[in-house]
Amino acid sequence: MAATYDFLVIGAGPGGYVAAIRAAQLGLKAAVVEREHLGGICLNWGCIPTKALLRSSEVFHLMHRAKEFGLSADKIDYDLPAVVKRSRGVAKQMEGGVKHLLKKNKVDVVMGEARLAGKGKVSVKTDKGTEEISAKHIVLATGARARELPGLEADGDLVWTYKHALNPPRMPKKLLVIGSGAIGIEFASFYNTLGADTTVVEVMDRVLPVEDAEISAFAKKQFEKQGMKIMEKSMVKQLDRAKGKVTAHIEAGGKVEKVEFDTVISAVGIVGNVENLGLEEAGVKVDRTHVVTDEYCRTGVDGVYAIGDVAGAPWLAHKASHEGVLVAEFAAGGHPHPIKPNSIAGCTYCHPQVASVGLTEAKAKEQGYKVKVGKFPFIGNGKAVALGEPEGLVKTVFDEKTGELLGAHMVGAEVTELIQGYVVGRALETTEEDLMNTVFPHPTLSEMMHESVLSAYGRAIHI
Ligand SMILES: Cc1cc2nc3c(=O)[nH]c(=O)nc-3n(C[C@H](O)[C@H](O)[C@H](O)COP(=O)(O)OP(=O)(O)OC[C@H]3O[C@@H](n4cnc5c(N)ncnc54)[C@H](O)[C@@H]3O)c2cc1C
């Protein structure tokens with residue numbers, strides 16, 4: 001007899017496994033179907049292993065600065081296979097953690113490839129054949145994969161996607177990174193720090209194009225100081241592949257330049273995994289490569305939801321997980337609040353780190369706000385100087401009329417940890433007054449978050 005569940009999730013990434021656990025906590029009989037790896041892209045080929053690699057390059061960078069701290073370090077070197085082994089080990093450990101959590105919460109795990117197979121039904125291809133599962137609520141959480149542009153497709157040798165870059169066949173000597181979003185810049189930062197001669201090509205007018213223009217400009221200066229070549233408003237039109245080398249045709253300002261590299265990382269975006277899921281037959285709407293959903297992640301087909309990367313931007317693990325919780329609570333008869341996309345922070349773990357939430361200054365103005373803008377540089381903060389990290393900026397954008405914190409934008413050490421303070425602020429609909437009246441501990445980097453707010457109102461103390 002076909003297994004029957006209250007809540008069945010397709011895909012065990014940070015969207016899917018979190019949804020299944022929350023559903024089980026709420027008393028629903030829950031299962032998750034996964035074709036490859038528990039924890040999805042995030043734990044296995046995304047957020048976590050990249051951060052493990054970046055930690056190695058950060059330590060390597062600091063070792064070179066040993067003298068500055070009154071220390072000595074000789075013969076500083078790295079062993080790329082060992083760096084990668086550590087990163088793969090961290091991913092494996094986290095995957096094991098998800099397995100444990102699913103078991104602890106009594107979520108059944110079915111390893112196989114699933115597709116919708118009629119109302120309230122899913123068919124799963126497993127090693128042992130095809131099985132049918134029935135469920136009242138079905139959640140599509142199938143994630144996304146790297147976008148491939150014609151002519152720039154990855155081959156795993158000369159041209160890599162993020163997967164190859166996470167488990168590289170060699171250390172690149174002359175590296176081209178196509179695309180300067182979070183994924184492209186993190187790999188550029190990692191390989192550049194380890195000594196690859198790195199060029200980043202970005203089609204938009206600045207690196208990290210979704211960030212506030214001032215933050216992008218600040219980050220660019222730092223990347224260039226570290227030896228990266230940044231080409232903005234530029235496009236890779238063609239890659240000529242030969243033995244051990246690639247010639248990139250890069251168009252900028254109407255001219256095409258041919259440059260040789262030994263490795264190319266293509267980081268030009270992602271596409272949702274919408275194929276072979278029986279979506280069309282089920283009547284689930286797809287817009288380009290993403291399932292169309294409403295604010296409660298409903299697809300419009302009764303009992304079918306979509307969450308995480310397959311449901312569209314922002315393509316972030318914490319957005320996927322939050323949607324997972326929302327859907328589980330909704331299915332259990334709760335009344336969850338819809339997500340406010342403007343309150344989801346984005347973090348990039350390059351060196352220096354970049355983090356932001358809400359509207360950029362330009363976007364706020366575009367939307368008709370009269371703004372008050374505060375800025376505070378890392379050089380004015382005792383902890384930043386003590387850490388040897390005096391380069392960075394905290395920028396805040398307020399609605400002049402109401403004092404609402406519209407956006408916060410940061411570049412510098414540990415800002416990916418700091419941003420959450422502003423995220424909480426936005427969730428609580430905080431105003432400049434609340435933030436100014438908050439006591440920040442000393443000495444911390446977080447004091448800059450206070451000072452930035454004070455600066456928007458002409459009250460900063462340390463600049
Ligand atoms: C290099 C890189 C770095 C990243 N860094 C960050 C970061 O620092 N912070 C951040 O927030 N985000 C980061 N991301 C993005 C993050 O990984 C994704 O937003 C997140 O994984 C999305 O979660 P998800 O559950 O929607 O999908 P996924 O994690 O993609 O999981 C989907 C799962 O569904 C499975 N699946 C697909 N189809 C089927 C099927 N038919 N049957 C069964 N199983 C199926 C897949 O095997 C997969 O395991 C990064 C991504 C990359 C590539």
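What counts as what
- Residues numbered from 1 in each chain as written.
- Predicted model: local features only at pLDDT ≥ 70, side-chain atom pairs only at ≥ 80, totals over all residues.
- Heavy atoms only, no water.
- Domains from an automatic or database assignment.
- Contact = heavy atoms within 4.5 Å.
- Buried area = accessible area lost by both parts, 1.4 Å probe.
- Salt bridge = Lys/Arg side-chain N within 4 Å of Asp/Glu carboxyl O.
- Helix = DSSP H or I, 4+ residues; strand = E, 2+ residues; numbered from the N terminus.
- Buried < 20%, exposed > 50% of the residue type's maximum accessible area, 1.4 Å probe, protein only.
- Core = buried A, V, L, I, M, F, W, Y, C linked by side-chain atoms within 4.5 Å.
- Near = heavy atom within 4 Å.
- Polar contact = N/O pair within 3.5 Å; in protein donor to acceptor, adjacent residues only side chain to side chain.
- Nonpolar A, V, L, I, M, F, W, Y, C, P; charged D, E, K, R; others polar.
- Pairing = 2+ DSSP bridges.
- Axes fitted to C-alpha atoms, helices over the stretch in contact; angles between N-to-C directions.
- Left-handed = near helix turned anticlockwise from the far one by under 90°.

Draft legend 1. Fine view of the domain arrangement of the chain. Under the domain assignment, the chain is made up of domain 1 (3-146 + 271-341), domain 2 (159-267) and domain 3 (352-456). If you average the C-alpha positions of domain 1 and of domain 2, the two centres end up 28 Å apart. Taken together, the 21 residues of domain 1 in the interface contact 15 residues of domain 2. Here domain 1 packs against domain 2, burying approximately 1600 Å² in sum over the two surfaces, 75% of which is carbon and sulfur. For Lys51, the salt bridge goes to Glu186, with nearest N and O atoms at 2.9 Å.

Draft legend 2. Fine view of the environment of Val139. Topologically, Val139 is positioned in strand S6 (residues 129-140). On the basis of relative accessible area, Val139 is assigned to the buried category, the value being 0%. It is 8.7 Å that separates the C-alpha atoms of Val139 and Gly324, two residues lying 185 residues apart in sequence. Ignoring sequence-local partners within four residues, the contact set of Val139 consists of Phe7, Leu8, Val9, Ile10, Tyr305, Ile307 and Val327.

Draft legend 3. Focus on the nonpolar core. Core analysis: the biggest nonpolar cluster contains 35 residues, and Phe187, Phe190, Tyr191, Phe223 and Ile265 have the highest contact counts within it. Where this core is concerned, the elements lending two or more residues are helix H3 (47-64), helix H4 (80-104), helix H5 (162-166), strand S9 (174-178), helix H6 (182-193) and helix H7 (213-225). The element best represented in this core is H6, accounting for five residues. Once you skip the residues sitting within four places of it in the chain, Ile265 turns out to touch Trp160, Ala165, Leu175, Leu176, Val177, Ile178, Phe187 and Tyr191. By size, the runner-up hydrophobic cluster in this structure holds 28 residues, among which are Leu43, Ala141, Tyr305 and Ala328.

Draft legend 4. Structural detail: the site of the ligand. Taken together, 39 residues form the shell around the ligand, and within it Gly15, Glu34, Lys51, Asp309 and Ala317 come nearest. The contact in question runs from an oxygen atom of the ligand to an N or O atom on the side chain of Glu34, over 2.6 Å. A distance of 3.3 Å is found between an oxygen atom of the ligand and a side-chain nitrogen or oxygen belonging to His318. Mapped by element, the contributors of at least two residues to the shell around the ligand are strand S2 (30-34), helix H2 (40-45), H3, strand S4 (113-116), H6 and helix H9 (317-331). Broken down by element, the residue count for the shell around the ligand peaks at four residues, all from H2. Each residue belonging to the shell around the ligand can be placed in one class, and the counts come to 20 nonpolar, 13 polar and six charged.

Draft legend 5. How the structure looks around the sheet that holds strand S12 (residues 234-242). The strand order across the open sheet formed by three strands is S12-S13-S14, and the pairing between neighbours is antiparallel. Pairing within the sheet leaves two strands with one partner each, and these edge strands are S12 and strand S14 (255-261). Sheet twist, expressed as the average angle between the axes of neighbouring strands with direction ignored, equals 20 degrees.

Draft legend 6. Up close: the packing of helix H1 (residues 16-25) against H9. Put simply, H1 and H9 touch, their axes get as near as 7 Å, and they point 30 degrees apart. The handedness of the crossing between H1 and H9 comes out as right-handed. Two secondary-structure elements touch here, H1 through Val18, Ala19, Arg22 and Ala23 and H9 through Ser321, Gly324, Val325, Ala328 and Glu329. Residues belonging to the contact of H1 with H9 are distributed by class as follows: five nonpolar, two polar and two charged.

Draft legend 7. Expanded view of the pattern of salt bridges. This structure, assessed with the given rule, holds 25 salt bridges. Two residues, Lys220 and Glu232, come together in a salt bridge whose shortest N-O distance is 3.0 Å. Of this pair, Lys220 sits in helix H7 while Glu232 sits in the loop between strand S11 (229-231) and S12, and the two are twelve residues apart along the sequence. Linking Lys245 and Glu260 is a salt bridge whose minimum nitrogen-to-oxygen distance equals 3.3 Å. Pair noted here: Lys245 is in strand S13 (residues 245-252) and Glu260 is in strand S14, with a separation of 15 residues, a long-range link. Through salt bridges with shared partners, one network takes in Asp212, Glu214, Glu361, Lys365, Lys375 and Lys395.

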